[in-house]
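The residues making up each chain are set out below.
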Amino acid sequence: MRKDIRTVTVGVDGSRAGLDAADWAAREAERRRLTLRLLHAGGEPTASASGAAPGSVPRPRRSRVRVRPGPELSAAADSELQRGILDRAAVQLSYAHPTLQIAARRTDTPALPALLEAATESETVVLGSHGFGGFSGFLVGSVALAVAAGAACPVVLVRAGELPVDERVPADTGDDTTSPTRTPYLLPVVLGLDLEEPADELIGYAFGAAGVRAAPLHVVHTWTLPPLSPPSPLRDGSGGAGAPGDTAARQDAREQSLAAVLGPWRHKFPETEVSEEVVYGHAGHHLLKASTRAGLLVVGRSVAGDGLGRTAHSMVHHSACPVAVVPHD
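Since the model is a prediction, treat every value here as computed from it, not as a measurement.

> How would you explain the overall build of the protein if you had to name every residue and give the values?
When its secondary structure is counted, the protein shows eight helices and twelve strands. With 329 residues in all, the protein has 44% of them scored as buried. Looking at the protein alone, contacts between residues at least 24 apart form 76% of all its contacts between residues at least 6 apart. Surface exposure of the protein reaches about 17,000 Å², of which carbon and sulfur atoms provide 55%.

Here it is, written out as structure tokens:
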């Protein structure tokens, strides 16, 4: 894949969850008018790809004594099975998305370095929440978690079973049962924003995601009372330390700061409906709550930090909707 070709890359491992992630990635590539790249990295095929359901009990072997194929035959058979995983995924996605450009790539490189390398030439990398082999168990810290913590581009983690309908909710037709069904509307994109680090990369990704979906954008900023510390405009509307109980002034200062940060972006994306929420409390709690009524949750990751950071790590493990982790300076 040439680096001048803009792509959405998705890790494909043959699992059902991997195919759900691939379908999400296909919809995202269509929305953004990008090429979809299917990537299958080194390792054995998943249990579901080889015929056994995840978590099922393997069938007993007929005999302990059998003729084993030579290494060349085994490698050829494995290579054929890996190509079959990609071929099946490509065929299914081409039927569901006939106008989408799809490229498939198989590599013997282990999953983590293969995905990190793919991130350097992709606009987005997408991974499923459950899988086997290279993409297993990111909920407890596998390759997908490491990719989200180290990729050069945004990484979207898609929960198992995510379907197109999960991005929409039915429009309320009221008590008039004779009216035709209205077109469902898209759930909002939710952005968790730290006003201490209002990175353009993060805000731009969230506005872009909402724009290509024609979905509303809901920006959430949370704050708590700080310990005794030097004065800061965000800690007190007057610029002083402020009284511990003076939460109204602090709330007002942060609302004004958030409005000022988002102002230029509202001008750049005039067709995007934007709502702002400044709320007292910890970010993890309020963003998880917001994820239950969101189509996509966007959080940031500082490239200067170590790993995902506490809030992003919590969202990756517990969010009720797909999570986009966006690296920023």
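> Account for the side chain of His218, with residues named and values stated.
Looking at the element boundaries, His218 is found in strand β9 (residues 217–223). Here the side chain of His218 touches Glu277 through a polar contact of 2.8 Å, side chain to side chain. With residues up to four places along the chain from it excluded, the contact list for His218 reads Val189, Val190, Leu191, Ser275, Glu276 and Glu277.

> Lay out the sheet that holds strand β10 (residues 274–280) with the relevant residues and their values.
Pairing is mixed across the open sheet formed by ten strands, whose spatial order is β3-β2-β1-β4-β5-β12-β11-β8-β9-β10. The open sheet has two edge strands with one neighbour each: β3 (102–106) and β10. Averaged over all adjacent pairs, the angle separating strand axes in this sheet is 20°, with direction ignored. In the sheet, strand β8 (residues 189–192) pairs with β9 via four bridges, with the strands oriented parallel. Pairing of Val190 across the sheet is with His218, part of β9. Where helix α8 (residues 310–318) meets the sheet, it contacts β5 (155–158), β11 (296–302) and β12 (323–328), and its direction lies at approximately 145° from that of β11.

> Requested: an account of the environment of His318, with residues and values cited.
Along the chain, His318 turns up in helix α8. His318 sits 27 residues away from Ser291 along the chain, and the two C-alpha atoms are 9.3 Å apart.

> Please provide a residue-by-residue account of the packing of aromatic side chains, values included.
Overall, the coordinates contain four aromatic pairs when judged by the stated rule. With a centroid separation of 5.4 Å and an interplanar angle of 35°, the aromatic rings of Phe207 and Phe269 are classed as tilted. Highlighted residues: Phe207 in helix α5 (residues 200–213) and Phe269 in the loop between α6 (247–268) and β10, separated in sequence by 62 residues. Here Phe207 falls in the buried class, since its relative accessible area comes to 0%. Following the ring pairs from residue to residue traces out a cluster consisting of Phe207, Trp265 and Phe269. The ring of Tyr205 has Arg32 lying over it, and the distance from NZ or CZ to the ring centre is 5.2 Å.

> Let's hear about unusual backbone geometry: which residues, and what values?
One non-glycine residue, Arg33, adopts positive backbone phi at about 60°. Topologically, Arg33 is positioned in the loop between α1 (16–32) and β2 (35–40). Given a relative accessible area of 77%, Arg33 falls into the exposed group.

> Before we move on, can you summarise the side chain of Arg213 with the specific residues and values?
In this fold, Arg213 is placed in helix α5. A relative accessible area of 8% places Arg213 in the buried class. Sequence-distant contacts of Arg213, defined by excluding residues within four places in its chain, comprise Trp24, Glu28, Arg31, Glu167, Leu186, Val189 and Leu296.

> An account of the pairing of β2 is requested, with residue identities and associated values reported.
Here β2 lies mainly inside the structure; six of its six residues are buried. A two-sided burial pattern is seen for β2, the buried positions comprising Thr35, Arg37 and Leu39 on one face and Leu36, Leu38 and His40 on the other. Relative to β2, strand β1 (residues 7–11) is paired through five bridges, and the arrangement is parallel. Paired with Thr7 across the two strands is Thr35, which belongs to β2. For the crossover that starts at β1, traverses α1 and ends in the parallel β2, the hand is right-handed. Note that β2 and β3 share five bridges and pair parallel. Looking at the pairing, His40 lines up with Arg106 of β3.

Quick notes on the rules
Residues numbered from 1 in each chain as written. Predicted model: local features only at pLDDT ≥ 70, side-chain atom pairs only at ≥ 80, totals over all residues. Heavy atoms only, no water. Helix = DSSP H or I, 4+ residues; strand = E, 2+ residues; numbered from the N terminus. Buried < 20%, exposed > 50% of the residue type's maximum accessible area, 1.4 Å probe, protein only. Contact = heavy atoms within 4.5 Å. Areas by Shrake-Rupley, 256 points an atom, 1.4 Å probe, with all protein chains shown as cover. Polar contact = N/O pair within 3.5 Å; in protein donor to acceptor, adjacent residues only side chain to side chain. Pairing = 2+ DSSP bridges. Axes fitted to C-alpha atoms, helices over the stretch in contact; angles between N-to-C directions. Phe/Tyr/Trp six-rings, centres within 6.5 Å; stacked < 30°, edge-to-face > 60°. Lys NZ or Arg CZ within 6 Å of the ring centre and 35° of its normal. Right-handed = clockwise from strand over helix to strand, strands pointing away.

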